[in-house]
Amino acid sequence: QVQLVESGGGLVQPGGSLRLSCAASGITFRIATVGWYRQAPGKQREFVAAIGWSGASTYADSVKGRFTISRDNAKNTVYLQMNSLKPEDTAVYYCAAGRWYESSRYRTSDDYDFWGQGTQVTVSS
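Residues numbered from 1 in each chain as written. Predicted model: local features only at pLDDT ≥ 70, side-chain atom pairs only at ≥ 80, totals over all residues. Heavy atoms only, no water.

Trainee: Tell me about the side chain of T77, residues and numbers included.
Mentor: Examined against the element boundaries, T77 turns out to sit in strand 8 (residues 77-82). By relative accessible area, T77 is classed as buried at 9%. In this structure the side chain of T77 is engaged in a polar contact, spanning 2.8 Å, whose partner is the backbone oxygen of K75. For T77, the residues in contact, after removing those within four places along its chain, are S21, C22, A23, F29, S70, R71 and D72. (Helix = DSSP H or I, 4+ residues; strand = E, 2+ residues; numbered from the N terminus. Buried < 20%, exposed > 50% of the residue type's maximum accessible area, 1.4 Å probe, protein only. Polar contact = N/O pair within 3.5 Å; in protein donor to acceptor, adjacent residues only side chain to side chain. Contact = heavy atoms within 4.5 Å.)

Here is the structure:
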């Protein structure tokens, strides 16, 4: 049984930082593509970042230069380092895993096979 568990969310002031973690089990993690998505109240879920098995990554324009995605295959964990946080980054953040590698699919949420339960990130003073 595949399980993805997000952690690291919380309340942070504008300009602050958080690091989210996505721990995976039940999947050959080292060859999986992992993505981060977020959903704010009243809005659709949106792509944030994704990383492939090789370490290749891509980001939404809204977070480029502020967020960094990385992976530690030995720990079956993907991280999302979020710096210079803004109130508009407030959302529930989800990680997702796909048993494929094509970078053209990174931004397509329907292509991911497994999803975590999400972790709340609130950016507010």
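Trainee: Explain the sheet that holds strand 1 (residues 3-7) to me, using residue names and the numbers behind them.
Mentor: If you trace the four strands from one edge of the open sheet to the other, you get 1-3-8-7, paired in antiparallel fashion. Lying at the two open borders of the sheet, with one neighbouring strand each, are strand 1 and strand 7 (67-72). On average, each strand axis in the sheet is inclined to that of its neighbour by 15°, with strand direction left out of account. Two strands pair when backbone bridges link them, and strand 1 and strand 3 (residues 18-25) are joined in this way by five bridges, in the antiparallel orientation. Across the sheet, the residue bridging to L4 is A24, located in strand 3. (Pairing = 2+ DSSP bridges. Axes fitted to C-alpha atoms, helices over the stretch in contact; angles between N-to-C directions.)

Trainee: Go over the pattern of salt bridges with me, naming the residues and quoting the values.
Mentor: Counted by the stated rule, this structure contains seven salt bridges. D89 serves as the salt-bridge partner of R66, at 2.7 Å between the closest nitrogen and oxygen. Separated by 23 residues along the polypeptide, R66 in the loop between strand 6 (57-59) and strand 7 and D89 in the loop between strand 8 and strand 9 (91-98) bring together distant segments of the chain. Classification of D89 as buried rests on a relative accessible area of 0%. (Salt bridge = Lys/Arg side-chain N within 4 Å of Asp/Glu carboxyl O.)

Trainee: So what's going on with the state of the cysteines? Which residues, and what values?
Mentor: Under the defined criterion, the tally for this structure stands at one disulfide. Across the disulfide from C22 sits C95; the S-S distance is 2.1 Å. Between C22 and C95 the disulfide shows an S-S torsion of about 65°. By sign, it is right-handed. Taken as a pair, C22 in strand 3 and C95 in strand 9 lie far apart in primary sequence, 73 residues in all. The residues C22 and C95 share a single accessibility class, namely buried. (Disulfide = S-S within 2.5 Å.)

Remember that the coordinates give geometry; whether it matters functionally is a separate question.
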